[in-house]
Amino acid sequence: MYLTSLTLSHFRSHKRAVVEVDHRPVAIWGPNGAGKTNLIEAVSLFSPGRGLRRASAQEMARRPEALGWKVSGDLVGVNGAHEVSFVSEGGAARQVRVDDKPASQVALGRLARAIWLIPSMDRLWIEGAEGRRRFLDRLTLSFFPDHAQASLDYEKAMRERNRLLKDMVRDANWYAALEIQMAEAGAAIHLNRRAAVARIAQAQAGAETEFPTAILKLVQSEGDMPQSMEDLRAALSESRSRDLQAGRTLVGPHRTDLLGTFAAKEVPASECSTGEQKALLISLIMANARALAEDVGEPPILLLDEVSAHLDAGRRAALFDEISALGAQAWMTGTGPEMFAELGDRAQALEVTEEGASSVVSKAALSH
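Residues numbered from 1 in each chain as written. Predicted model: local features only at pLDDT ≥ 70, side-chain atom pairs only at ≥ 80, totals over all residues. Heavy atoms only, no water.

**Student:** Can you explain helix α4 (residues 147-166)? Please cite residues and give values.
**Tutor:** When the terminal C-alpha atoms of α4 are compared, their 28 Å separation across 20 residues agrees well with the 28 Å that a helix rising 1.5 Å per residue should span. Where α4 is buried, its residues contact α3 (129-143), α5 (172-205), α6 (229-238) and α7 (240-246). In the segment just after α4, M168 is the residue with positive phi, at about 60 degrees. (Helix = DSSP H or I, 4+ residues; strand = E, 2+ residues; numbered from the N terminus. Expected span 1.5 Å × (residues − 1). Contact = heavy atoms within 4.5 Å.)

**Student:** I'd like a rundown of the packing of aromatic side chains, residues and numbers included.
**Tutor:** Taken as a whole and judged by the stated rule, the model has 4 aromatic pairs. Geometrically, the ring pair formed by F11 and W69 is edge-to-face, given 5.3 Å between the ring centres and 75 degrees between the ring planes. In this pair, F11 sits in strand β1 (residues 2-11) while W69 sits in strand β4 (residues 68-77), placing the two residues 58 residues apart along the sequence. Assigned by exposure class, F11 and W69 land together as buried. Aromatic pair F143 and F144: ring centres 6.4 Å apart, planes at 50 degrees, arrangement tilted. Judged by relative accessible area, which is 12%, F143 ranks as buried. Overall, F144 belongs to the partly exposed group, its relative accessible area being 28%. Here the guanidinium or amino end of K265 rests over the ring plane of F262, the centre of that ring lying 5.3 Å away. (Phe/Tyr/Trp six-rings, centres within 6.5 Å; stacked < 30°, edge-to-face > 60°. Buried < 20%, exposed > 50% of the residue type's maximum accessible area, 1.4 Å probe, protein only. Lys NZ or Arg CZ within 6 Å of the ring centre and 35° of its normal.)

**Student:** Just give me the short version of the sheet that holds strand β10 (residues 256-262), but keep the residues and values in it.
**Tutor:** If you walk across this open sheet you meet the 3 strands as β9-β10-β11, and the pairing is antiparallel. Only two strands of the sheet have a single partner each, and these edge strands are β9 (214-220) and β11 (267-268). With 2 bridges joining them, β10 and β11 adopt antiparallel strand pairing. Following the sheet pairing, F262 is matched in β11 by V267. Most of the contacts of α3 go to β10, to which it runs at about 85 degrees, and overall it touches β9 and β10. Each of β9 and β10 touches α5; the most contacted strand, β9, lies at about 165 degrees to it. (Pairing = 2+ DSSP bridges. Axes fitted to C-alpha atoms, helices over the stretch in contact; angles between N-to-C directions.)

**Student:** Hey, could you go over the UniProt feature "domain: AAA+ ATPase" (unreviewed entry) in the protein chain for me, with residue numbers and the actual values?
**Tutor:** When the UniProt feature table is mapped onto this chain, "domain: AAA+ ATPase" (unreviewed entry) is found at residues 22-354. Helix makes up 42% of residues 22-354 and strand 20%, and the two end C-alpha atoms of the span are 25 Å apart. (UniProt positions renumbered as here; feature names shortened; annotations may be inferred.)

**Student:** Before we move on, could you go through the domain arrangement of the protein chain and cite the residues and values that matter?
**Tutor:** When the domains of the protein chain are assigned, the result is domain 1 (1-113 + 300-367) and domain 2 (127-296). Each of domain 1 and domain 2 has a C-alpha centre, and these two points are 28 Å apart. With 23 residues of domain 1 at the interface, the matching set in domain 2 holds 23 residues. Counting the surface domain 1 buries against domain 2, the share from its top three residues, R113, R315 and E322, is 29%. If you look at where domain 1 meets domain 2, you find 2 salt bridges. The shortest N-O distance in the salt bridge between E322 and R290 comes to 3.5 Å. Inspection of the region where domain 1 meets domain 2 yields 7 residue pairs in polar contact (both at pLDDT 80 or more). Every element with two or more residues in the side of domain 1 that touches domain 2 is listed here: α2 (105-111), β12 (301-304) and α9 (313-326). (Domains from an automatic or database assignment. Buried area = accessible area lost by both parts, 1.4 Å probe. Salt bridge = Lys/Arg side-chain N within 4 Å of Asp/Glu carboxyl O. Polar contact = N/O pair within 3.5 Å; in protein donor to acceptor, adjacent residues only side chain to side chain.)

**Student:** Explain unusual backbone geometry residue by residue, including any values.
**Tutor:** R63 connects to P64 through a cis peptide bond whose omega is 5 degrees. Within the secondary structure layout, P64 lies in the loop between α1 (36-44) and β4. Phi is positive for R12, close to 55 degrees, though the residue is something other than glycine. Summarising the element assignment, R12 is placed in the loop between β1 and β2 (14-20). Exposure remark for R12: the relative accessible area of 18% places this residue in the buried category. A positive phi angle is found at E266, which is not glycine, with a value near 55 degrees. Along the chain, E266 falls in the loop between β10 and β11. Note on E266: relative accessible area 68%, which makes it exposed.

Written out as structure tokens, the structure is:
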């Protein structure tokens, strides 16, 4: 799957940008602050969720006008070609339209898959569990478009349950209905996550790659995650008195963490060097892409922001070779064309500059 056109109107630093591309990787360069990441953030909207920055629609509006914004593009995928657009007016939540008809996030997920690696993820293994859960759920969502709805259902029911706990409500009937909803959605979340981790392991095991294999493991902050809907419902019921004391829910998939291990060295990812941690993340992203290519029939769109930051020339060339062999449209950013020299004519290029108070995107050429 890939974009053949992308149009931005009053999106972030781009007053207006029109980009025509083909299925090949897209190398994007320009000085820091020119608007490169804003461009690939727009592409990230073509997959379900809040985009690679997890920003609100209001935050995506160009300043100082804040008139609202629009992103549109022509998407080619396993289901044919579609015109997809995202519109936000006056800071309102963005609306999705496919072929000029309103569409849901789940419907969007069945048309397009996009996965990304951005600099803020470089500290994934050494920061808090919340970031790793987001990474895990993005990975899972790429395989299971319905995962987003299960997550929303679970969070909504848990917020209501937590409100009861904080208010010290003790009536069991108030909790029972919410716990059934949490158990149904929570069991689906856990099942999806396990399946996604297993699929990544399979994709890594069968790959010839220059990047190290990462062993992934799901763990709970305390105890074990109940495996079935009924087990989770029972665990929530049994935990009420403890949860009342804490003022929040202490059991469920929101307590899951994702641990990674550098397989060849048997070293936790959290103890690896910065370069090794980056290489492990790239390995996981590429395994995710390979698995999707096999399962869906087309590789996903890849978004790699400043991906070469911790890669030497050899690893950089190896990454470009893997992307090209996969046939993925990878949107990659860097500060200069030299960061993409190994791609040659396998890629197309865009230069992003700042003129006045707006980003400007223009076609460029890669040096050989």
